[in-house]
Every structure is written in C-alpha cells, then in structure tokens.
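Listed here are the chains, written in short residue letters.
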Amino acid sequence: MITDVNPFVYSRPIAPDQIVDRDEETQLLLKNAVGGHYVRLYAPRKYGKTSLLHGERQEGLVPVLVDLYGIVSIADVAVRFERAYAQELRGAIRSRVEEFLQKTGLGLSLGAFGISARLQLQPKTSPLPALHALLDLPLRLEESGGFRAYIALDEFQDVRKVPDLDGILRSHIQFQGDVASYVFAGSEPGLMKQLFEHKEAPLYGSAVPLRLGRLRDDDLAAYVAERFQETKRGAGEALNPLLGSAKGHPQRAMLLAHRLWEEVDQKAAATLDDWERAHAAALDELQPEFEAQWRGLDTSEQKTLRAIIAGDGSPYRSAVLERLALSKPSAQKALQRLRSRAEIEADDRRQAIVDPLFAEWIAGLA
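An account of the accompanying structure is given in this report. (Residues numbered from 1 in each chain as written. Predicted model: local features only at pLDDT ≥ 70, side-chain atom pairs only at ≥ 80, totals over all residues. Heavy atoms only, no water.)

## Quick word on the pairing of strand S7 (residues 350–353)
In terms of strand pairing, strand S6 (residues 344–347) meets S7 through four bridges, oriented antiparallel. Within the sheet, the bridge partner assigned to alanine 346 lies in S7 and is glutamine 351. In this structure, the hairpin formed by S6 and S7 is closed by a connection of two residues, where aspartate 348 is found at a positive phi of approximately 60 degrees. (Pairing = 2+ DSSP bridges. Helix = DSSP H or I, 4+ residues; strand = E, 2+ residues; numbered from the N terminus.)

This is the structure:
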C-alpha cells in the first residue's frame, strides 16, 4: 500500500479546508449568503475560485455548484443545472425535489434519465420549459423545510454565449432573495464587467463584487513547510526561491511545491539543486500549454507581453518599444484586451503577467 503520498494537489480543485489563506473570503461569501446577498466573485483562472465555491452546509444552506464552462445553448444550461442538483441533493430534500420534477412532465430527473437523455431521444424537445423549472427549484427547497439554497455559478462569463440567458436568469433570481443566495464566479473581468456594470445588462448592479488576489508569501511559506514536515521532509533552502517563482499564484505555487516534494527523500531537506530540478520539471510540464497560449495571442499582444517583461512592468519604454517594433497605441489597445482576459493585472503602477511561470517562459524567448 502506498502511504508516502505527495500532499500538494495542483491538477484539480481542492477541498475548502485545504485552501491557503482564503478564510476571510470564505467567511465573507458565507456572510453574504446568509444575509441574502448575491456576490460577483472574480479572479484569474487557477486562483482557487472553484474550490472556494464549494459552500459548506452551514446555517441551513444547501450548496449547489453549477459549472457553466463551455455552454453554448439553453439545452447545455438545463443539463448543467439538473446535474448540479443531482450531485448535491441528499435524503428527504432530494426525494421531494425528484417528485416535483417528475410531476412537471418535462423529462427532468435527479437520476440517470434526466433532461440530457430526453434531449437525445427527442432532439426537437424545447429545453426552455425544463430550464425554467430548474431555476425555480430554490422555491421548492424552501417549501421542503425552509432550506436556503447557496447556488454558485462557475465560469459565469460564458452565459454571454447563449442569447438572452442573463435575462432568463434575472427573471427568476430577482424573486428568490428570501430563499436563495447566488454567487456568480468568473475568470474574465472584461466579460464580467459587461454582465454586471453596463446599465443595459439585465444583471446590472445585482451582485456585490469580490475579487480574489494573490496569496501572501508568509501564508504560502507556512503551508508548504507544514506539509513537507507532515511527510517527514523539509522545504529547506528551496522554500525562498519557490516563493519567488510562484509570486503568490495559488495553482503555480502548488505545482512548484509538488515538483519540489518529488525531488526530496524522506528525512531529508530540499536543497537548491533539488529546487533547480523541480523548477525545470515544472516548466517542461507546462511547455505545451504555454506554446498553445502563445499561439492564441495576436502579434501585438505577444509584443506587449514581452515589453512588460523587458520594461520591468512598464510596457511603454521607448527603447523597448523600438526594439520590438511596437507602437504605443498598439500596446495600449493590446493591454486593454489582455487585462479584460486576466492575462495581466496591475501591480501598484506596474503591469504584471498573471501567470509567473508563463512570464518566465516568455522571458526565455528573447
């Protein structure tokens, strides 16, 4: 039996009790949920939003996480909501909701034969009535025993891919403040801003904004050192360069810690040589991802990212712009696009590439 297991998970969302330094944000989400407020949670990808969204069953809350990533139709949305409720509901609540869904005659079910099966067997079936019924479920939960639903909609910016979906959502949630709390989580601030800050948008002004930032070095250091110690190892002299490379990025910090742990034997402490091998292994693992990401940028965006690195956070240095054959207006427009997609973010008065390992990779292209 394998008992010596790497404690650093970076390839999937982790349990809320394993998150580093998010107690304040977690409590704020819970406080807003109990108080009946809706929250707009935004942060770059791989910052731990999904892990944070796994609400706890406290204060009579029934947490439901709906992943909206990649939706393109009303049918997609109906299937995601049905699956989310099927995964989360338990016991008597589940039985009552299942009974209600079956009585609708819309092919909805918390079992194996739900709306997705019906849409496959009867492709011409309209999924809109099913979606309306699913969006009304918080009212049924309240009728089933006074339970308050805590509904987290992950990758919420993708609702823009489905015409009128934000309006459909608003038509339901505006009447559910007494029975449900919603968290709208997104990773592209530009799109999230359009959904919540434009006056013509159906969801304008309907949620309290909450942004996840980078982790503090002292919190990361304590987390990494403790888990090395628990597995009879020491982070040793590799801890400081790990923090310097991660720059507070939650997922990249766990990747680097995972790779470092693999280099260290039990009852030993990590050395700088261990760190060099771990760092190189992490970059090798990310090489295909970074190449695809780079190819997805247009030329002015590529040049602007290189200008940020060469200018130490300032993309407008004349010598750098001249060397890269990049005009200032082109850089300004590229910055807006990169910022809206959370590729970059402001760090005091400087610009920083969100992914520190991607920044290292880009620096190696020069």
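## Some thoughts on the nonpolar core
In terms of nonpolar packing, the biggest core is built from 47 residues, with Phe81, Tyr85, Leu131, Leu153, Phe156, Leu165 and Phe184 touching the most fellow members. For this core, the leading source of residues is helix H3 (residues 74–88), giving seven residues. In this structure, leucine 153 is in contact with Val66, Leu68, Phe81, Tyr182, Val183, Phe184 and Ala185, ignoring residues within four places of it in sequence. Counting 42 residues, the second largest nonpolar core, distinct from the first, contains Leu220, Leu243, Leu357 and Trp361. (Core = buried A, V, L, I, M, F, W, Y, C linked by side-chain atoms within 4.5 Å. Buried < 20%, exposed > 50% of the residue type's maximum accessible area, 1.4 Å probe, protein only. Contact = heavy atoms within 4.5 Å.)

## A look at helix H14 (residues 299–310)
Counted at 1.5 Å a residue, the expected span for H14 with its twelve residues is 16 Å, and the 16 Å between its end C-alpha atoms agrees. Where H14 is buried, its residues contact helix H13 (272–295), helix H15 (318–324), helix H16 (328–340), S6, S7 and helix H17 (356–363). Among the residues trailing H14, aspartate 312 stands out with phi positive, at a value near 55 degrees. (Expected span 1.5 Å × (residues − 1).)

## Here's the deal with the sheet that holds strand S4 (residues 180–186)
Read from one edge of the open sheet, five strands run S2-S3-S4-S1-S5, paired in parallel fashion. The sheet is open, and its two borders are formed by strand S2 (61–67) and strand S5 (208–211), each paired with just one other strand. Neighbour-to-neighbour, the strand axes of this sheet turn through a mean angle of 20 degrees, independent of strand direction. For strand S1 (residues 39–42) and S4, the ladder comprises four bridges, and the chain directions are parallel. Residue pairing for S4: arginine 40 is matched across the bridge by phenylalanine 184. Contacts between H3 and the sheet are confined to S2 and strand S3 (148–154), with S2 contributing the most and set at about 140 degrees to the helix. (Axes fitted to C-alpha atoms, helices over the stretch in contact; angles between N-to-C directions.)

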